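# Reading the structure
Below, each chain spelled out in residue letters.
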Amino acid sequence: QVQLIESGGGSVQAGGSLRLSCANSGRTFRNPAMGWFRQAPGKEREFVAAISWNGANTAYTDSVKGRFTITRDNAEDTVYLQMNSLKPEDTAVYYCAAATFSFTVVRVAQGYDYWGQGTQVTVSS
């Protein structure tokens, strides 16, 4: 059973940085593909970034390319999202997710079968 726990959210001024972590405290037969999504008030949940099971492949939504970086440490069962040059429009609840049936990057929410509880990121101007 996969159990995802996010941490690292908080409040920051525009231009600042945050690093989100997502730890899997459960047990899996192999390392799943992982992703980050976000949901702002009044908006649908949107894809942010994804990483393949071994970290060799990554994908990003256009609005965060060049600013966000997704990485993973399989020895620690943890995925990270480094967020630099944050903007007010990055304000949202950020969720990590695991796609236990996929090896490669997954860009759609329907491809994930486990989700964390979310962590709030607030960027002020």
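Look up: the structure comes first, before these words.
Here the structure is a predicted model, which is why all the values come from computation and not from measurement.

Formed by 26 residues in total, the largest nonpolar core has its most connected members in Trp36, Val48, Phe68, Ile70, Leu81, Met83 and Tyr94. Looking at this core, the elements that each hand over two or more residues are β3 (18-24), β4 (33-39), β5 (46-51), β7 (68-73), β8 (78-83), β9 (92-99) and β11 (119-124). Counting residues per element, this core draws most heavily on β9, which supplies 4 residues. Among all residues touching Val48, those that are not within four sequence positions of it are Trp36, Phe37, Arg38, Ala59, Tyr60, Thr61, Val64, Phe68, Leu81 and Tyr94. Ranked by size, the runner-up nonpolar core spans 10 residues in total, among them Ala33, Phe47, Ala50 and Val105.

Judged by pairing direction, the sheet is antiparallel, and its 4 strands sit side by side in the order β1-β3-β8-β7 without closing on themselves. Strands with a single pairing partner mark the edges of an open sheet, and in this sheet they are β1 (4-7) and β7. Across the sheet, the mean angle separating the axes of adjacent strands is 15° when strand polarity is ignored. In this sheet, β8 lies alongside β7 in antiparallel orientation, the contact comprising 6 bridges. Paired with Thr71 across the two strands is Tyr80, which belongs to β8.

Relative to the elements of secondary structure, Thr119 occurs in strand β11. On the basis of relative accessibility, which here comes to 12%, the residue Thr119 falls in the buried class. One polar contact links the side chain of Thr119 to the main-chain amide nitrogen of Gly9, over a distance of 3.3 Å.

Here the focus is the pairing of β11. Going residue by residue along β11, you find Thr119, Val121 and Val123 tucked away on one face and Gln120, Thr122 and Ser124 left uncovered on the opposite face. Summarising the sheet, strand β2 (residues 10-13) and β11 pair through 4 bridges and their orientation is parallel. Within β11, the position partnered with Ser11 by the bridge is Thr122. Sheet topology places β9 next to β11; 3 bridges connect them, and they run antiparallel. Bridge pairing links Tyr94 to Thr119 in β11.

Structurally, the position occupied by Asp90 is in the loop between β8 and β9. Classification of Asp90 by relative accessible area gives buried; the value is 1%. A polar atom in the side chain of Asp90 sits 2.8 Å from the side chain of Arg67. Ignoring sequence-local partners within four residues, the contact set of Asp90 consists of Arg38, Arg67, Phe68, Ser85, Val121 and Val123.

We now examine the pattern of salt bridges. Tallied over the full model, the rule gives 4 salt bridges. One salt bridge connects Glu46 with Arg38, and the closest N-O pair in it is separated by 2.6 Å. For Glu46, a relative accessible area of 33% gives the class partly exposed. With a relative accessible area of 5%, Arg38 lands in the buried category. With its nearest N and O atoms 2.8 Å apart, the salt bridge here joins Arg67 to Asp90. Residue Arg67 is found in the loop between β6 (58-60) and β7, and its partner Asp90 is found in the loop between β8 and β9; the two are separated by 23 residues along the sequence. You'll find Arg67 and Asp90 in the same group, each marked buried.

Reading guide: rules and limits
Residues numbered from 1 in each chain as written. Predicted model: local features only at pLDDT ≥ 70, side-chain atom pairs only at ≥ 80, totals over all residues. Heavy atoms only, no water. Core = buried A, V, L, I, M, F, W, Y, C linked by side-chain atoms within 4.5 Å. Buried < 20%, exposed > 50% of the residue type's maximum accessible area, 1.4 Å probe, protein only. Helix = DSSP H or I, 4+ residues; strand = E, 2+ residues; numbered from the N terminus. Contact = heavy atoms within 4.5 Å. Pairing = 2+ DSSP bridges. Axes fitted to C-alpha atoms, helices over the stretch in contact; angles between N-to-C directions. Polar contact = N/O pair within 3.5 Å; in protein donor to acceptor, adjacent residues only side chain to side chain. Salt bridge = Lys/Arg side-chain N within 4 Å of Asp/Glu carboxyl O.

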